[in-house]
There are 2 protein chains.
Amino acid sequence: MKYRALCRQLGYEFTRPELLRQALTHRSHGSPNNERLEFLGDSVLNCAIAARLYQTYPRLPEGDLSRMRAALVKEQTLAEVASGLKLGEMLMLGEGELKSGGFRRPSILADALEAIIGAVYLDAGFVAAEGMILALYEPLLQDLDPKTLAKDPKTQLQEYLQSRKLALPQYEVLAIRGEAHEQEFEVECIIPGLNIRSLGEGHSRRSAEQNAAVAAYQAATHD
Amino acid sequence: MKYRALCRQLGYEFTRPELLRQALTHRSHGSPNNERLEFLGDSVLNCAIAARLYQTYPRLPEGDLSRMRAALVKEQTLAEVASGLKLGEMLMLGEGELKSGGFRRPSILADALEAIIGAVYLDAGFVAAEGMILALYEPLLQDLDPKTLAKDPKTQLQEYLQSRKLALPQYEVLAIRGEAHEQEFEVECIIPGLNIRSLGEGHSRRSAEQNAAVAAYQAATHD
């Protein structure tokens, strides 16, 4: 079978290989494609990762678990796992997507991986899909550092400053641009003790502050 | 056991009843409470409902499946299922929450139901939790009408007007109130052919429009 190498890497043999074929078919190639399988696989992935984090970190509050899961199931992470499986080479894409390099696009790779998870769920149930997910994610799960990964940038910056007994950062909105439903915020993060001023932009005040905190944290820790 | 009636309604007997007790304990009552179980149960619920919808509606595109799921797992729906189980009477709440009627609050009821789902998952695995979820949701699943439930109010209104060959509705922002990060939008929905003008409010322009569409649809279909 054409997909033998992929199945070996997935550690899973399909009873119905047509499900794998469908999971690798982008909507630009026609029907049946992987859009519905992606919907299914996304929720199976979320559930398997939630259960694993719940059991691995019995003392972490749910906010931390939630942030860790978000980092593990976000498009970029999925696309990296998909690249490791060389999914791009096996995707069936329409001509336009082929020409524009769709087989390298993170969203297309991530969707295909979720669709494969959905296909395994349909082929053999939750436990089989969970087993494959945990095997694929094992290296990432080993690398997880709940102390940093789980924390948002503002919290991370604040704890860093507290550990050095420095004053907490101040955030100031410098500008709000654009119409009401698509505003852009520009925020400055100021750390007086380190003479650091950094800027962040975002579609909400909160996201602009988080981005400013990222820049400030980098400036503070690279001095 | 204190929870016998509840277990009968859930159709599930716990091997570890302390998990059920924890699922019914709100954080205001102390630790261990149901916050982490809720995180887990939320993802199990999402997955079980996604799989059920995927299999029940083989022709629906993933956008419709996604909207149907959102309607089934939203706080209000969960709180209604929880009320049917009389969860409120069994919750362990702190004194402040007790006095302020926390046992009736939709968010507290919804969280407790999700936590019970997480507890069953821990007690006996995915298939047991899925079985309980589908039994609890059976009446709701029977009532689901993909033609209406799956569609957001604006789409529903638009299709209704098209089916009667009427001009499409217009939406106008009447007012934007409040500071940038907590704005309130007021939108008017106008259907010239039916002489209908309805108002909607929301924290985004989109949600205000959707609310205005709900009111306009009701006005249009009750004439």
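Residues numbered from 1 in each chain as written. Chains lettered and ligands numbered in written order. Predicted model: local features only at pLDDT ≥ 70, side-chain atom pairs only at ≥ 80, totals over all residues. Heavy atoms only, no water.

Observations regarding the relation of the copies chain B and chain A
Put simply, the test is: Superposition of the copies used a least-squares fit over C-alpha atoms from residues whose pLDDT is at least 70 in both. Residues count as neighbours in contact if any of their non-hydrogen atoms are within 4.5 Å of one another.
Mapping chain B onto chain A is achieved by rotating through 180° and translating by 0.4 Å along the same axis, at an RMSD of 0.9 Å. Each copy turns onto its partner about a two-fold axis. A symmetric contact is evident, with 100% of the interface residues of chain B recurring at the interface of chain A.

Notes on the interface of chain B and chain A
Where we set the bar: Buried area: the accessible surface (1.4 Å probe) lost by two parts on joining, summed over both. Polar contact criterion, stated in full: a pair of N or O atoms within 3.5 Å, where within protein one must be able to donate a hydrogen and the other to accept it, and residues adjacent in sequence count only if both atoms are side-chain atoms. Numbered from the N terminus, helices here are DSSP runs of H or I no shorter than four residues, and strands are runs of E no shorter than two.
If you look at the interface, chain B gives 32 residues, while chain A gives 32 residues. Around 2800 Å² of area is buried between chain B and chain A when both sides are counted, 64% of it from carbon and sulfur atoms. Three residues stand out in chain B for area buried against chain A, namely Arg36, Phe39 and Tyr54 of chain B, and they jointly supply 32% of the buried area on that side. Linking chain B with chain A are eight residue pairs in polar contact (both at pLDDT 80 or more), by the criterion used here. Among the elements of the structure, helix H3 (35–56), helix H4 (62–73), helix H7 (106–124) and helix H8 (126–143) of chain B are those that each provide at least two residues to the side of chain B that touches chain A. Top contributing element to the side of chain B that touches chain A by residue count: H3 of chain B, with 13 residues.

Digging into the packing of helix H7 (residues 106–124) of chain A against helix H8 (residues 126–143) of chain A
Residue and element names in this part refer to chain A. Put simply, the test is: Simply put, an axis is a line fit to the C-alpha atoms, just over the touching stretch for a helix, and the angle between two N-to-C directions goes from 0 to 180 degrees. Crossing handedness follows the turn of the near helix against the far one: under a right angle anticlockwise gives a left-handed crossing, and clockwise gives a right-handed one. We call Asp, Glu, Lys and Arg charged. Ala, Val, Leu, Ile, Met, Phe, Trp, Tyr, Cys and Pro are nonpolar, and the rest, Gly among them, are polar.
Axis separation between H7 and H8 bottoms out at 7 Å; the angle between their running directions is 145°. Along this stretch, H7 crosses H8, giving a crossing that reads as right-handed. Contacts between H7 and H8 involve Leu113, Ile116, Ile117, Val120, Tyr121 and Ala124 from the first element and Phe126, Ala128, Ala129, Met132, Ile133 and Leu136 from the second. Taken together, the residues of the contact of H7 with H8 sort by class into 12 nonpolar, no polar and no charged.

Topic: the pattern of salt bridges
Our working definition: For salt bridges, the criterion is a side-chain nitrogen of Lys or Arg within 4 Å of an Asp or Glu carboxyl oxygen. Note on classification: 1.4 Å probe, protein chains only; a residue is buried when its accessible area is under 20% of the maximum for its type, exposed when over 50%, partly exposed between these limits.
All chains considered together, the criterion is met by 22 salt bridges over all chains. For the salt bridge of arginine 197 of chain B with glutamate 188 of chain B, the shortest nitrogen-to-oxygen distance reads 3.2 Å. For arginine 205 of chain B, the salt bridge is made with glutamate 209 of chain B, and the minimal N-O distance between the two is 3.3 Å. Of this pair, arginine 205 of chain B and glutamate 209 of chain B both sit in helix H11 (residues 205–221), four residues apart, which is roughly one turn of that helix. The class of arginine 205 of chain B is partly exposed, set by a relative accessible area of 28%. The exposure class assigned to glutamate 209 of chain B is buried, which follows from its relative accessible area of 9%. The network of salt bridges with shared partners includes Lys154, Arg205 and Glu209 of chain A.

Comments concerning the environment of leucine 87 of chain A
All names here are of chain A. Along the polypeptide, leucine 87 turns up in the loop between helix H5 (75–84) and helix H6 (95–99). For leucine 87, a relative accessible area of 0% corresponds to the buried category. Not counting residues up to four positions away in its chain, the partners in contact with leucine 87 are Leu6, Leu24, Ala82, Leu109, Ala112, Leu113 and Ile116.

What about the environment of leucine 24 of chain B?
Residues and elements named next belong to chain B. Within the secondary structure, leucine 24 sits in the loop between helix H2 (17–23) and H3. As for leucine 24 and leucine 87, which are separated by 63 residues in sequence, their C-alpha atoms are 8.0 Å apart. Excluding its chain neighbours within four sequence positions, the residues that come into contact with leucine 24 are Tyr3, Leu6, Leu87, Met90, Leu91, Met92 and Ile116.

Focus: the sheet that holds strand E2 (residues 184–191) of chain A
Residue and element names in this part refer to chain A. Note the cut-off: Here a strand pair is declared whenever DSSP counts at least two bridges between the two strands.
Ordered by their spatial adjacency, three strands build an open sheet running E1-E2-E3, and the pairing between neighbours is antiparallel. Edge positions in the sheet fall to strand E1 (170–177) and strand E3 (196–202), since each has one partner strand and no second. On average, each strand axis in the sheet is tilted by 20° relative to the strand beside it, whichever way the strands run.

Thoughts on the packing of aromatic side chains
This is how the line gets drawn: Two rings from Phe, Tyr or Trp (for Trp, the six-membered ring) form a pair when their centres sit within 6.5 Å of each other. Planes less than 30 degrees apart are called stacked, planes more than 60 degrees apart edge-to-face, and all others tilted.
Tallied over the full model, the rule gives five aromatic pairs over all chains. Judged by centre distance (4.0 Å) and plane angle (10°), the rings of phenylalanine 126 of chain A and phenylalanine 126 of chain B are stacked. Here phenylalanine 126 of chain A is found in helix H8, whereas its partner phenylalanine 126 of chain B is found in helix H8 on a different chain. Looking at phenylalanine 126 of chain A, the relative accessible area reads 5%, which means it is buried. When the centroid spacing of 5.6 Å and the interplanar angle of 80° are considered together, the rings of tyrosine 160 of chain B and tyrosine 217 of chain B count as edge-to-face. You can see tyrosine 160 of chain B sitting in helix H10 (residues 153–163) and its partner tyrosine 217 of chain B sitting in helix H11, a full 57 residues away along the chain. For tyrosine 160 of chain B, a relative accessible area of 19% corresponds to the buried category. In this structure tyrosine 217 of chain B comes out as partly exposed when scored by relative accessible area, which is 24%.

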